[in-house]
Amino acid sequence: MKVNKRIFLFLSVIAVSVVCFPQQVIQNVISREKTSLNGKWKYIVDPYETGYYNYRQQPRDEENYFDPDAIFNNAKATDKTQKVEYDFDLSPTMNIPGDWNSQDDKLFYYEGTVWFKKSFDYAKSEPGNRVYVNFGAVNYRADVYLNGKKLGFHEGGFTPFGFEITKILKPKDNFLIVKVDNKRRRDAVPTVNADWWNYGGITRDVDIIETPASFVIDYLIQLKKDSGNVISGYIRLDGISVSGKTVTLSIPEMGFSRNLVTDEKGYAGFEFVINKITYWSPENPKLYNLVIKNDKETINDRIGFRMISVKGHDILLNGQPVFLKGISIHEENPLRGGRAYCIEDARMLLTWAKELGCNFVRLAHYPHNEYMLRLADEMGIMVWEENPVYWSIMFENETTYNLAEKQLSEMMSRDKNRSSVIIWSMANETPLSNARIKFINKLISYTRLTDNTRIVSAAMEISGVEGKEGVLTVNDPLVESVDIISFNEYIGWYSGLPDACKETTWEIKQDKPVIISEFGGDALYGMHGDTLTRWSEEYQENLYKKNLDMLGKIPQLRGMSPWILADFRSPRRLLPGIQDGWNRKGLISEKGYKKKAFYILQKYYKTK
Ligand code: GCU
């Protein structure tokens, strides 16, 4: 089968940012044989990037001589005459994965460059094998060096990337150095303004992956669009001799096993009919163990099969109408006041969502770590995943577009086999303009070409209806190109008081499902007052009651993800004694206590 356009787009994750060594996104790093580099890493804070730029502001990694002042060289003075103005061995350590803001008080507000170093020995198990270093995510820009050699760089704080290190790796005394820069930039994605903490650092797992000379680098295995019994996809080998190779795909529980032969590009596409599939759903999150064999290499994965689509006002899961009982979540462990990064963090957040009665979560506003998605698969929670095109990014800027598409493609590539992921969201609360509509429609076309099995949407904003007092609508051209009309509304918080809900009606003409991607209001846990006392639990409780009544009247309403599961850090929230750097719209406080509104939503979801 020829490589069709869609598969080509899943493959194109590789090309965009080749610097020194091509970046590779390896599918299913989590269950591969690997050596973790997690743990204590040395770090050097370098606000003036002295270790990177010389005094003429020229990058030191473009010099063609050994520069001891380049921190990626990890130089050491070897005699008393020598001048080296940094020393990792004398520098502090922090835990990786982890953000620097919650680990070093001096870095709580820090936005800039920090250098990280990890030394390690590595003995290959087979001389002919290849070796990769893989990062789950680094916020925001990572320049990566091994033994003084530049591997490359990656931009985007929430998606995986990696580099092949086979040729540079030594059996002993390797030093991996990462320059991490989380400075916000106007042309970046996200841009300078966001309502979450700009946690910096190597925020997810770092692993060394060893593979055979030609190995299974990527695969897609899902139900074909609109089909309940055709499983389709591909397996792709990477390496020198990948043509005409036999790989075996097995799903033992289905009694299925098939030998596939790769084409000249190492690619083997397939489609096969399986009549007895137990579909994945929140009620029965059925996952099948799957085995891919390539010569001596074995890849295991757990994959669910489900159909998701829209029809008129309905969202259909496995052909049945479903109501998305959701909550929005930031990738933060509020108890630690830092970026969430591990299975325990994911379990805590998704268990809270389950307690709320959720069958759906909106992971805002960027791709969360892979543990969240795999646990959502296991726990039966449907997922909205979002690309960090947030508020006023530079829509007319081509570099910005490329960054947005690249992050989208990395997110889709990593999670394409997750049955929990039902919606790809392109953006959040972006201002109307021709450049913006062109930009987002281009992302939508890319998404539909890459994956036609999932729903596409974006969190839009609302507006009034000319001449109709108290009537609201979504006056956004994007409503024509998305599958679901999703919007954020803050009646009772940013506009009016909760009673305004009683005077509000909605006019949404499209024959499409509607999801309320955000509504809510702030409350400080333990602060009590009457329902008109802002910041009190009673105000938030009342706001939820009024909003749920109002929204329930929208005929196309098929789901919601109120803002937000737990209080989260935000540099925009400055009210002393109440906010203190926290957005308080959580239904759970930063100490894990449930607010009164939690039970209002819990009760409502029992009726759905
Ligand atoms: C916005 C935005 C969120 C923000 C929330 C708030 O709608 O999407 O990122 O945190 O409102 O103001 O609390």
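Going by the structure above, here's the rest.
For clarity, every value in this text was computed on a predicted model and none was experimentally measured. (Residues numbered from 1 in each chain as written. Predicted model: local features only at pLDDT ≥ 70, side-chain atom pairs only at ≥ 80, totals over all residues. Heavy atoms only, no water.)

Chemist: I keep staring at the pattern of salt bridges and nothing clicks. Help me out?
Modeler: All chains considered together, the criterion is met by 53 salt bridges. Lys-286 serves as the salt-bridge partner of Glu-253, at 2.6 Å between the closest nitrogen and oxygen. On the criterion of sequence distance, the pair formed by Glu-253 in the loop between strand E13 (246-251) and strand E14 (256-261) and Lys-286 in the loop between strand E15 (267-273) and strand E16 (288-294) is long-range, its members being 33 residues apart. Given the relative accessible area of 52%, Glu-253 is considered exposed. Through salt bridges with shared partners, one network takes in Asp-301, Glu-370, Arg-374, Asp-377 and Arg-418. (Salt bridge = Lys/Arg side-chain N within 4 Å of Asp/Glu carboxyl O. Helix = DSSP H or I, 4+ residues; strand = E, 2+ residues; numbered from the N terminus. Buried < 20%, exposed > 50% of the residue type's maximum accessible area, 1.4 Å probe, protein only.)

Chemist: Could you clarify how one ought to interpret the packing of helix H2 (residues 343-355) against helix H3 (residues 370-379) in this entry?
Modeler: Two packed helices can be described by the angle between their axes and the distance between those axes. Relative to each other, H2 and H3 sit at 45 degrees, their axes nearing to 9 Å. With respect to each other, H2 and H3 are oriented oblique. Considering the relative orientation of H2 and H3, their crossing is right-handed. The residues of H3 that touch H2, namely those facing Ile-343, Ala-346, Arg-347, Leu-349, Leu-350, Thr-351 and Lys-354, are Tyr-371, Met-372, Leu-375, Ala-376 and Met-379. (Axes fitted to C-alpha atoms, helices over the stretch in contact; angles between N-to-C directions. Parallel < 35°, antiparallel > 145°, perpendicular 65-115°, else oblique. Left-handed = near helix turned anticlockwise from the far one by under 90°. Contact = heavy atoms within 4.5 Å.)

Chemist: Hey, could you run me through the pairing of strand E25 (residues 382-386) in this one?
Modeler: Consecutive residues of a regular strand have side chains that alternate between opposite faces of the sheet. For E25, the buried fraction is high: five of the five residues fall into the buried class. Neither face of E25 is left uncovered, since the one carrying Met-382, Trp-384 and Glu-386 and the one carrying Val-383 and Glu-385 both have all their residues buried. As paired elements, strand E24 (residues 360-364) and E25 share four bridges and run parallel to each other. Across the sheet, residue Phe-360 finds its bridge partner in E25, namely Met-382. As judged from the four bridges shared by E25 and strand E26 (residues 421-428), these two strands associate in the parallel manner. Within E26, the position partnered with Trp-384 by the bridge is Ile-423. (Pairing = 2+ DSSP bridges.)

Chemist: Help me understand the packing of helix H6 (residues 537-551) against helix H7 (residues 596-606), please; the structure alone is not making it clear to me.
Modeler: Viewed as axis vectors pointing N to C, H6 and H7 meet at an angle of 20 degrees, and their least axial separation amounts to 7 Å. One finds that H6 runs roughly parallel with respect to H7. Classified by chirality, the crossing of H7 by H6 is right-handed. On H7, the residues that touch Glu-537, Glu-538, Gln-540, Glu-541, Tyr-544, Lys-545 and Leu-548 of H6 are Lys-596, Ala-597, Ile-600, Leu-601 and Tyr-604.

Chemist: Sorry if this is basic, but what is going on with the packing of aromatic side chains here?
Modeler: Here the distance between the centres and the angle between the planes together describe a pair of aromatic rings. For the coordinates displayed, the defined rule picks out 33 aromatic pairs. Ring geometry for Trp-100 against Tyr-110: centres 5.8 Å apart, planes inclined by 55 degrees, an arrangement best described as tilted. On the criterion of sequence distance, the pair formed by Trp-100 in the loop between strand E3 (93-96) and strand E4 (113-120) and Tyr-110 in the loop between E3 and E4 is long-range, its members being 10 residues apart. For the pair Trp-100 and Tyr-110, a shared accessibility class is recorded, and that class is buried. Ring centres of Phe-598 and Tyr-599 lie 5.2 Å apart, and the angle between their planes is 70 degrees; on these two criteria the pair is classed as edge-to-face. What links up through ring pairs into an aromatic cluster is the set Phe-158, Trp-196, Tyr-366, Tyr-390 and Trp-391. One Lys or Arg, Arg-534, reaches over the ring of Trp-493 and ends 4.5 Å from the middle of that ring. (Phe/Tyr/Trp six-rings, centres within 6.5 Å; stacked < 30°, edge-to-face > 60°. Lys NZ or Arg CZ within 6 Å of the ring centre and 35° of its normal.)

Chemist: Just checking my understanding: could you explain the side chain of Asp-451 for this structure?
Modeler: Looking at the element boundaries, Asp-451 is found in the loop between helix H5 (434-450) and strand E27 (455-460). When its relative accessible area of 5% is taken as the criterion, Asp-451 is described as buried. Reaching out from Asp-451, the side chain makes a polar contact with the side chain of Trp-424 at a distance of 2.8 Å. Only 2.8 Å separates the side chain of Asp-451 from the side chain of Arg-454, close enough to count as a polar contact. (Polar contact = N/O pair within 3.5 Å; in protein donor to acceptor, adjacent residues only side chain to side chain.)

Chemist: Just checking my understanding: could you explain the environment of Gln-540 for this structure?
Modeler: Here Gln-540 shows up in helix H6. Spatially, the C-alpha atom of Gln-540 lies 23 Å from that of Met-460, the residues being 80 residues apart in sequence. Setting aside residues up to four positions removed in sequence, Gln-540 forms contacts with Gly-521, Asp-522, Ala-523, Arg-584, Lys-585, Gly-586, Leu-587, Lys-595 and Ala-597. Among the polar contacts made by the side chain of Gln-540, one reaches the main-chain carbonyl oxygen of Gly-521 at a distance of 2.9 Å.

Chemist: So what exactly am I meant to see when it comes to H7 here?
Modeler: Two residues of an α-helix separated by three or four positions point the same way, owing to the 3.6 residues in each turn. The set of residues buried in H7 consists of Ala-597, Phe-598, Ile-600, Leu-601, Gln-602, Tyr-604 and Tyr-605. In this structure, the buried side of H7 is in contact with strand E21 (324-330), H2, H6 and strand E33 (557-560).

Chemist: What am I meant to see in the sheet that holds strand E28 (residues 463-465) here?
Modeler: Within a beta sheet, neighbouring strands are joined by backbone hydrogen bonds and run either parallel or antiparallel to one another. Spatially, three strands are ordered E28-E29-E31 in an open sheet, and the strand pairing comes out mixed. This sheet does not close on itself; its edge strands, each paired only once, are E28 and strand E31 (505-506). In this structure, E28 lies alongside strand E29 (residues 468-473), joined through three bridges in antiparallel fashion. Within E29, the position partnered with Val-465 by the bridge is Lys-468.

Chemist: Quick question: what am I supposed to make of the nonpolar core here?
Modeler: Across soluble globular proteins, nonpolar side chains show a tendency to be buried alongside one another. If you look at the biggest cluster of nonpolar residues, it comprises 88 residues, and the most contacted ones within it are Ile-327, Met-426, Met-560 and Leu-601. When residues of this core are assigned to domains, at least three fall in each of domain 1 (20-211) and domain 3 (319-606). Contact partners of Met-426, with chain neighbours within four places excluded, come to Asn-387, Val-389, Leu-408, Ile-440, Leu-443, Ile-444, Thr-447, Val-456, Ser-457 and Ala-458. Residues Val-114, Phe-116, Phe-135 and Ile-165 belong to the second largest nonpolar core, which totals 31 residues. (Core = buried A, V, L, I, M, F, W, Y, C linked by side-chain atoms within 4.5 Å. Domains from an automatic or database assignment.)

Chemist: Looking at this model, I keep getting lost on the environment of Gly-520. Mind explaining?
Modeler: You can see Gly-520 is positioned in the loop between strand E32 (514-518) and H6. In this structure the C-alpha to C-alpha distance between Gly-520 and Asp-567, which are 47 residues apart in sequence, comes to 12 Å. Excluding residues that lie within four positions of it along the chain, Gly-520 makes contacts with Glu-489, Tyr-490, Trp-493, Leu-543, Tyr-544, Trp-563 and Lys-585.

Chemist: When you look at H2 in this model, what are you seeing that I'm missing?
Modeler: Taking 1.5 Å of rise per residue, 13 residues should cover 18 Å, and H2 covers 18 Å from first to last C-alpha, within 8% of that figure. Taken together, the buried positions of H2 are Asp-345, Ala-346, Met-348, Leu-349, Leu-350, Trp-352 and Ala-353. Residues of H2 that are buried in the fold lie against E21, strand E22 (332-333), strand E23 (338-339), E24, H3 and H7. Backbone geometry just after H2 places Gly-357 at a positive phi near 95 degrees. (Expected span 1.5 Å × (residues − 1).)

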